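Coordinates in review
As a plain string of letters, each chain reads:
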Amino acid sequence: MTSTDTPAATTAAAEAADEAAAAAARHAEAEKHAAGVTFDNEQDDATTRLTVTGNDRPGLLDELTAALNSCGVTVLRATVSTRDDGMVNDVFTVVRGEKRLRSEDLNTVRRQMMAVLNQVPSSSSLSRARAKSLGVTAPKPARGDKIGADPGISPASVYVDHVRGVSVLADNVASPNYTTFTINAPDAPHLVSRVLQNFGYLDINVRFAAMSSYNDEGVYRHDVYHLTGRDGKQVDEGVKEELRNNIFFMITSPDLDDDSY
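Residues numbered from 1 in each chain as written. Predicted model: local features only at pLDDT ≥ 70, side-chain atom pairs only at ≥ 80, totals over all residues. Heavy atoms only, no water.

Focus on unusual backbone geometry
Note on backbone geometry: most residues besides glycine have negative phi, and most peptide bonds are trans. One non-glycine residue, Ala-46, lies in the positive phi region at around 60 degrees. Given a relative accessible area of 31%, Ala-46 falls into the partly exposed group. (Buried < 20%, exposed > 50% of the residue type's maximum accessible area, 1.4 Å probe, protein only.)

Rendered as structure tokens:
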């Protein structure tokens, strides 16, 4: 120890080093949870790949999809997931006017998406007034039922309309950790957004989703969702059936034309 290395100076230096290390750790943690929007405009199929990260919250996927719709962007495919630390990692393949996004489009989309990611979470992702305007009905669970309960798992249930080419499947058997919800249907404007709004109204979280469209004498959707209640468990049987009924009616009702989606 030199004449200047007093015990007090050594202690102060150690404390400064500890504080610097703690600050670096806090910065690294903040970086892990930072919201972000990145683009890849070099896809071979003339599409744009949009990657979104941020803190998950009820209704976030619905809000992100609505933001894309407001920018005139069409989602062709999407894979969305939530990490164990509560961060979402959503990848959207999008076009605008059947072409990849232009530079000015990218700036607009980034602003809209970041505005959604930085919003303070609300108590409900979908107001009852908005749900009423969409024709969404509230669940009517049996006495004592609630989302995430385990009253006994029933076999997978599916509604099919062969004339319109629609099938809606709800399954609590494939996995004990989530409800698998699968939609096959002709595509329609804002169909995905309306599906997500139904999830929000019924207090259902999307843990993972793979959404895609394909051509088969017209454009069809094949969307698969892994759903849970707010408690992180499978969607209750009663609510699961309510959701299946709502989605099937929404897609197949003859009173709903393209502008109704």
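From this point, the discussion proceeds with the structure in view.
Observations concerning the pairing of strand E2 (residues 48-55)
Within a regular strand, the side chains alternate between the two sheet faces. Here strand E1 (residues 36-40) runs beside E2; their pairing, made up of five bridges, is antiparallel. Bridge pairing links Thr-38 to Thr-51 in E2. Of the pairings in the sheet, the one linking E2 to strand E4 (residues 87-95) comprises eight bridges and is antiparallel in character. Looking across to E4, one finds that Gly-54 is bridged to Val-88. (Pairing = 2+ DSSP bridges. Helix = DSSP H or I, 4+ residues; strand = E, 2+ residues; numbered from the N terminus.)

Observations concerning the pairing of strand E7 (residues 179-186)
Counting buried positions along E7 gives seven out of eight residues, so the element sits mostly inside the fold. As defined by bridge partners, strand E6 (residues 166-171) adjoins E7 across five bridges and the pair is classed as antiparallel. For Val-168, the partnering residue across the bridge sits in E7 and is Ile-183. Relative to strand E9 (residues 219-229), E7 runs antiparallel, the two sharing eight bridges. Its bridge partner being in E9, Thr-180 is matched across the sheet by His-226.

A few points about the pattern of salt bridges
A side chain of one charge can pair with a side chain of the opposite charge when the charged atoms of the two come close. Evaluated as defined, the whole model comprises 13 salt bridges. For Asp-161, the salt bridge goes to Arg-164, with nearest N and O atoms at 2.8 Å. Sharing partners across several salt bridges, the network here consists of Arg-96, Arg-102, Glu-104 and Asp-105. (Salt bridge = Lys/Arg side-chain N within 4 Å of Asp/Glu carboxyl O.)

Concerning helix H3 (residues 103-117)
Helix length check: H3 (15 residues) gives 21 Å between terminal C-alpha atoms against 21 Å at 1.5 Å per residue, within 8%. Here H3 has its buried residues at Asp-105, Leu-106, Val-109, Met-113, Val-116 and Leu-117. Along the long axis of H3, the arc covered by the buried residues comes to 95 degrees, so they all point the same way. The outward face of H3, more than 90 degrees from its buried face, is lined by the exposed residues Ser-103 and Arg-111. (Expected span 1.5 Å × (residues − 1). Arc of directions from axis to C-beta.)

Function cannot be read off these values alone, since they describe shape.
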